[in-house]
Amino acid sequence: MIVLAAAELFGSKLNRELEFPSIPTLTELKNLAVAVFNDEIAARKRRGQSGPSAFNLHYMQLFDALGGRWVELKSSTQLRDRCQVYLFQKDSWNKETQAPIPSPTRPSSMARAVSRASSTGRRPASTPMSAMRRSPPSLNRVSGRSSPSLKRDVKVESPRRMGEHAAVSRVASAGSLGAASGGYGLSLNRAASYAMTPPRTNDRPPISSITPIGALGVTPLVRDVQLHSLLNQSARAKSLSPPVSPTHSVASLSMMTFGDKLSMLYTAMLNHSSVGDKSPRAGNMRSPRQYSKDKLVASVDDDAFRALFMKTRIGLEPLQITNLFQQADANSDDSISFGEWERFGEQYPTMIDAMHIRIRDHNKDLEQKQEIEAVRQAVQERDEMCRKQNVAVSDAERSTAAAEENLKKQRETLQEARVRERDAKAITDAARQETERARGTVAQRAADVAHAQDSQLQEEANLVEAQRNVDATKRLLQELAGETAAAERRLEDLRKMVLEQEQVVAASREREEHGHQELDTRQRDLEDASQHVNHSKNETQLALDRLSVSEQALATAQAREEECGVSQLQARDEVNRQCLREEQEEQETRMAREQENAQRQRLADALAALEMQQAETRRLIDANATHNIKRDQEEEKEKPMIEQEIRLRQARLQLEEEEAKLRIEHRSFANTTGRS
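Small disclaimer: the values here were computed from a predicted structure and weren't measured.

Draft legend 1. Local environment of the overall build of the protein chain. Counting secondary structure elements, the protein chain contains 13 helices and seven strands. Burial analysis of the protein chain (676 residues in total) assigns 39% to the buried set. For the protein chain, restricting intrachain contacts to residue pairs at least 6 apart in sequence, the fraction spanning at least 24 positions comes to 78%.

Draft legend 2. Representation of the pairing of strand β3 (residues 57–64) in the model. Among the eight residues that make up β3, six are buried, leaving the element largely enclosed by the rest of the structure. By the bridge criterion, five bridges tie β3 to strand β5 (residues 83–89) in an arrangement that is antiparallel. Bridged to L62 within β5 is V85. Both β3 and strand β4 (residues 69–72) contribute to a ladder of four bridges, which runs antiparallel. By the bridge assignment for β4, F63 is matched with W70. Connecting β3 to the antiparallel partner β4 that follows it, the hairpin turn spans four residues, and G68 within it adopts a positive phi of roughly 65°.

Draft legend 3. Region of interest: unusual backbone geometry. The phi dihedral of F10 falls on the positive side, at around 55°, and the residue is not glycine. Position of F10 relative to the elements: it lies in the loop between β1 (2–9) and β2 (12–19). A relative accessible area of 21% means that F10 is categorised as partly exposed. With phi around 55°, R313 is a residue other than glycine that occupies positive phi space. For R313, the location among the structural elements is in the loop between α9 (302–312) and α10 (318–328). Using a relative accessible area of 36% as the deciding quantity, one classes R313 as partly exposed.

Draft legend 4. Structural detail: the packing of α9 against α10. The interhelical angle for the contact between α9 and α10, taken along N-to-C directions, is 125°, at an axis separation of 10 Å. As far as their axial angle goes, α10 and α9 are oblique. In terms of crossing hand, the pair formed by α9 and α10 is right-handed. Every residue of α10 that contacts α9 at D302, F305, R306, F309 and M310 is listed here: P318, I321, T322, L324 and F325. Across the contact of α9 with α10, the residue classes break down as seven nonpolar, one polar and two charged.

Draft legend 5. Quick peek at the nonpolar core. Ranked by internal contacts, the top residues of the largest apolar core, which has 29 residues, are F305, F309, W341, F344 and M351. Among the secondary structure elements, those contributing two or more residues to this core are α7 (258–272), α9, α10, α11 (338–347), α12 (349–493) and α13 (498–673). Among the elements that line this core, the one with the most residues is α7, at six residues. Setting aside residues up to four positions removed in sequence, F309 forms contacts with I314, L316, I321, L324, M351 and M355. Formed by 26 residues, the second largest nonpolar core is a distinct cluster that contains V3, A7, C83 and L87.

Draft legend 6. Region of interest: the packing of aromatic side chains. By the definition in use, this model includes 12 aromatic pairs. Ring geometry for F37 versus F55: centroids 5.2 Å apart, planes at 25°, classification stacked. Here F37 is found in helix α1 (residues 26–44), whereas its partner F55 is found in the loop between α1 and β3, with 18 residues between them in sequence. Assessed through its relative accessible area of 5%, F55 is described here as buried. For the pair Y266 and F338, a centre-to-centre distance of 5.3 Å together with 75° between the ring planes defines the contact as edge-to-face.

Draft legend 7. Seen up close, the packing of α11 against α12. Contact pair α11 / α12: the axes reach a minimum separation of 5 Å and the direction vectors enclose 105°. In this view, α11 runs roughly perpendicular relative to α12, as classed from their interaxial angle. Seen from α11, the contacting residues are W341, F344, G345, E346 and Q347; seen from α12, they are P349, M351 and I352. Counted by class, the contact of α11 with α12 contains five nonpolar, two polar and one charged residues.

Draft legend 8. Molecular detail of the pattern of salt bridges. Tallying each qualifying case throughout the model produces 36 salt bridges. Measuring nitrogen to oxygen at the nearest pair gives 3.1 Å for the salt bridge that ties E596 to R600. Here E596 pairs with R600, and both are found in helix α13, just four residues apart, close to one helical turn. Judged by relative accessible area, E596 falls into the buried class, the value being 13%. With a relative accessible area of 39%, R600 lands in the partly exposed category. Linked through salt bridges whose partners overlap, the residues forming this network are R313, R358, R631, D632, E635 and E638.

Draft legend 9. Quick look at α1. For α1, which comprises 19 residues, the first-to-last C-alpha distance of 26 Å matches the rise-based estimate of 27 Å (1.5 Å per residue) to within 8%. The set of residues buried in α1 consists of L26, E28, L29, L32, A33, A35, V36, F37, D39, E40 and I41.

Draft legend 10. Molecular detail of the confidence of the model for the protein chain. Across the protein chain, the average pLDDT comes to 75, with 74% of residues at or above 70. Per-residue pLDDT, averaged within each element of the protein chain, yields its smallest value for helix α4 (residues 177–181) (32) and its largest for β5 (93). Under a pLDDT of 50 for its full length, residues 121–149 has, in the predicted model, 56 contacts with residues more than four places off or in other chains. Under a pLDDT of 50 for its full length, residues 164–254 has, in the predicted model, 197 contacts with residues more than four places off or in other chains.

Draft legend 11. Up close: the sheet that holds β3. Spatially, five strands are ordered β2-β1-β5-β3-β4 in an open sheet, and the strand pairing comes out mixed. For this open sheet the edge positions go to β2 and β4, each flanked by a neighbour on one side alone. Pairwise comparison of adjacent strand axes, ignoring direction, gives a mean angle of 30° for this sheet. Those strands touched by α1 are β1, β2, β3 and β5, and its axis lies near 130° from that of β2.

Draft legend 12. Examining the pairing of β5 more closely. Most of β5 sits out of view: seven of its seven residues are buried. By the bridge criterion, four bridges tie β1 to β5 in an arrangement that is parallel. Along β5, the bridge assignment pairs A5 with V85.

Draft legend 13. Just the environment of Q61, in detail. Structurally, the position occupied by Q61 is in strand β3. Among the residues examined, Q61 registers a relative accessible area of 0% and is labelled buried. With 99 residues separating them along the chain, Q61 and R160 place their C-alpha atoms 9.9 Å apart.

Draft legend 14. Here's a closer look at the environment of P100. Of note, P100 is situated in the loop between β5 and α2 (110–119). Residues P100 and P159, spaced 59 residues apart in sequence, show a C-alpha to C-alpha distance of 9.5 Å. Each residue touching P100, except ones within four places of it in the same chain, is listed here: K13, V156 and E157.

Definitions and limits used
Residues numbered from 1 in each chain as written. Predicted model: local features only at pLDDT ≥ 70, side-chain atom pairs only at ≥ 80, totals over all residues. Heavy atoms only, no water. Helix = DSSP H or I, 4+ residues; strand = E, 2+ residues; numbered from the N terminus. Buried < 20%, exposed > 50% of the residue type's maximum accessible area, 1.4 Å probe, protein only. Contact = heavy atoms within 4.5 Å. Pairing = 2+ DSSP bridges. Axes fitted to C-alpha atoms, helices over the stretch in contact; angles between N-to-C directions. Parallel < 35°, antiparallel > 145°, perpendicular 65-115°, else oblique. Left-handed = near helix turned anticlockwise from the far one by under 90°. Nonpolar A, V, L, I, M, F, W, Y, C, P; charged D, E, K, R; others polar. Core = buried A, V, L, I, M, F, W, Y, C linked by side-chain atoms within 4.5 Å. Phe/Tyr/Trp six-rings, centres within 6.5 Å; stacked < 30°, edge-to-face > 60°. Salt bridge = Lys/Arg side-chain N within 4 Å of Asp/Glu carboxyl O. Expected span 1.5 Å × (residues − 1). pLDDT = per-residue confidence, 0-100.

Here you go:
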């Protein structure tokens, strides 16, 4: 949003563009404007030049593009995009002169001014300049409708300081319409000067300040043409002429002539007239030539006449209003032309002046009520904003509580995961130790198997050796049997050597018996060796079985160790995930707390703004009540004067009727008697 800020420095008018990201508050506008013009003073002030070195802001006025006048800037709701603001200073050395305001330019020290304004409490503008220029016109904060802003090519003159009494016209004119046409004498220059005339010190002019109109000669043939021209020229003059100070803007109407007051009241009746399409409403205005052709176009009926009395609260009875309408309607055509209205005004100047003042007060009351309604609507919006902000704060509190609860649960989950990790680690260590023991058992069983196999081999070798010994003994027995058979044959053949052979046979039989004994021993040894071999085989098989069981236990322990290792890794991964989740929960909790604090701050700001709006509403209501009290008091004071004027006028009419009656009687008497 761009606000055009103008001020006078060292006798020259300056106009600068102040850019904001949104509609600024008055404090933000003042801070940035003071910072910008302080830089202008520092850049323009020469060494030894008189005057202060800082811009001392007193108050601000805003140019109302719709009304074509300057009004006092009291609230940020009055600001629109590219609206023109004028800044007055407190310093007595700077005499404000009324002059055209130059075209706005961007201040060269905008960045420095924004930085300095931020240090004084204003938030810096963050919206890019190009984006601001492309932004649409600002919306009315109260109604939501776009409002017209000041065009770039419109030349506006600076306002006058409150309290000054100079009426200098800045609007060019071709001359007085009254002088050119012989009409009632309202010129464009005078119409423009009325709009820029400074206010009177009192808000309500006295009833006695009535301009006599006896010298105003109005030609009947040009009255309607003059009225239409006056309306068009007044509208143009109002849009071009510089306005006055907003606090006393309505008081400038007291400088209007009596003819201007009559024109204004007549225009008000025309706008309310119910004579069909003959009334000059908006979009139905007729040219001066059409007015001259049809005089009924510029006439008002009884309803418009009564509406004027109702609006101005004169306090007359309906019958009195009817009598006044009939009195104003000289040609009895049930309508009042401007000429008839002028004659009516000459007869009741006090009433016309009171109507003029009351119309002004009525418009002021309407403006105040509209402003009060706008502020009330803003208060309602602020109240709704506060309610929503309260809901947002409650939601933020619930979110914070939920985040803290989630964080607490997450910490408990993390603690449980760490306990599970420790348990898994202990189980893994126990499984590893069991695996080591199983490996030792397997090694021992393998050694036992090897020893049993060695014993089996040794026993098998002994068995083979015993078998060889048995075979050798059998061969020896066979040999001994052969020798015994040979000895017996020799015993048969050689009886001679019986003794020797008997001895030999006895010895052989002894050796044979000994051989049989040796055979029996060898067989027993063979049987023992076989038993030993079978026992060794059994021992080997048992050792092999134990080895298989140990190997199965080792495989089971290894699988258990692997499973525990996987569980430990999973527990470690779960702990890591829970740690990350805990960090996320802590971050979400911090963000929730920050959002809660931000919502609380926004709620405090909304409550402060609501309090300001409520205070502004109370101030406007008090001002309106004071205005209405003063209005009622003035109307009470005016009431006896108006009643007296009506009574005097009625008495005068009665006297004139009696005088006319006496003149008629006198002429009749003269005609009858021949006396003059």
